Amino acid sequence: MANASPCLLLKIIWIVHFALTSWAMMSVYLPLPYMFTHLGVLAFGFWAIVSHESAEAVLMFLVTLCFSIINDIMLISIYQPRADAQYNRPGVADGYKNEYRWALGMSIVNIILKPVSILLLYNIYRSRSDGSEFNIAIPGIHTSGQSSSNQPGRGPYSSIESAQDSHPGVHGRPPYPYQSAPPPPNYDNKPMPDHGNQPSPPPHA
């Protein structure tokens, strides 16, 4: 799924919401604004599928899908109590009751799946807008074993290793080279002065 094509994901998102919207409209308990809102969402989604390189089409699909979540919650919270009192009263046929319950369930499932679609659409929009490679990962969260510098072959502890290499001797290890520097050569064969054994000058009166 991580290597899925953005065009294929757009088609899956569009088909899923098309089916759920159609099933939610099987009952007449939802008003016309519900249908108009989802017609706009599906229209922008179709535009995003047809225009393979258009980032604006994906952005409009994303924005209208975000708005439809608020619109769906508002319409269902207003009209569901009315429909419940209308269809669950005595004398109503079971077919109408089942039709209402099915439409209500599909409209709720449609709301639940929309945040997942929004996350996928945001990644598709980002890949189209800046030309980067498409990835389903959540923005700002790196997967395991992937360094922040995106260098191949480096693990999550590369920063610690680089810090140790740049500061040798931090853990008690002497810096390279490990041996002390040799004394300068004495070409005149004269004894080297020993500054450590020289007497200190007398104090001034």
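Report follows, based on the coordinates.

Conventions and cut-offs
Residues numbered from 1 in each chain as written. Predicted model: local features only at pLDDT ≥ 70, side-chain atom pairs only at ≥ 80, totals over all residues. Heavy atoms only, no water. Helix = DSSP H or I, 4+ residues; strand = E, 2+ residues; numbered from the N terminus. Buried < 20%, exposed > 50% of the residue type's maximum accessible area, 1.4 Å probe, protein only. Contact = heavy atoms within 4.5 Å. Phe/Tyr/Trp six-rings, centres within 6.5 Å; stacked < 30°, edge-to-face > 60°. Salt bridge = Lys/Arg side-chain N within 4 Å of Asp/Glu carboxyl O.

Assigned secondary structure in the protein chain consists of 5 helices and 0 strands. Ordered by position in the sequence, the α and β elements of the protein chain form the string α-α-α-α-α. Across the 205 residues of the protein chain, 28% fall into the buried class. Counting contacts in the protein chain only where the partners sit at least 6 residues apart, residues at least 24 apart contribute 66% of the total.

For any pair of aromatic rings, geometry is given as the distance between the ring centres together with the angle between the planes. The tally for this structure, following the rule as stated, stands at 5 aromatic pairs. Ring centres 6.3 Å apart and planes at 45° place the aromatic pair phenylalanine 44 and tryptophan 47 in the tilted group. With phenylalanine 44 and tryptophan 47 both in helix H2 (residues 32–50), this residue pair falls 3 residues apart, about one helical turn. Given the relative accessible area of 25%, phenylalanine 44 is considered partly exposed.

Looking now at the pattern of salt bridges. Inspection of the entire model under this criterion finds 1 salt bridge. Here lysine 114 ties to aspartate 72 by a salt bridge, and the two come within 2.5 Å at their closest N and O atoms. Taken together, the positions of lysine 114 in helix H4 (residues 94–130) and aspartate 72 in helix H3 (residues 55–87) put the pair 42 residues apart, joining distant regions of the chain. For the pair lysine 114 and aspartate 72, a shared accessibility class is recorded, and that class is buried.

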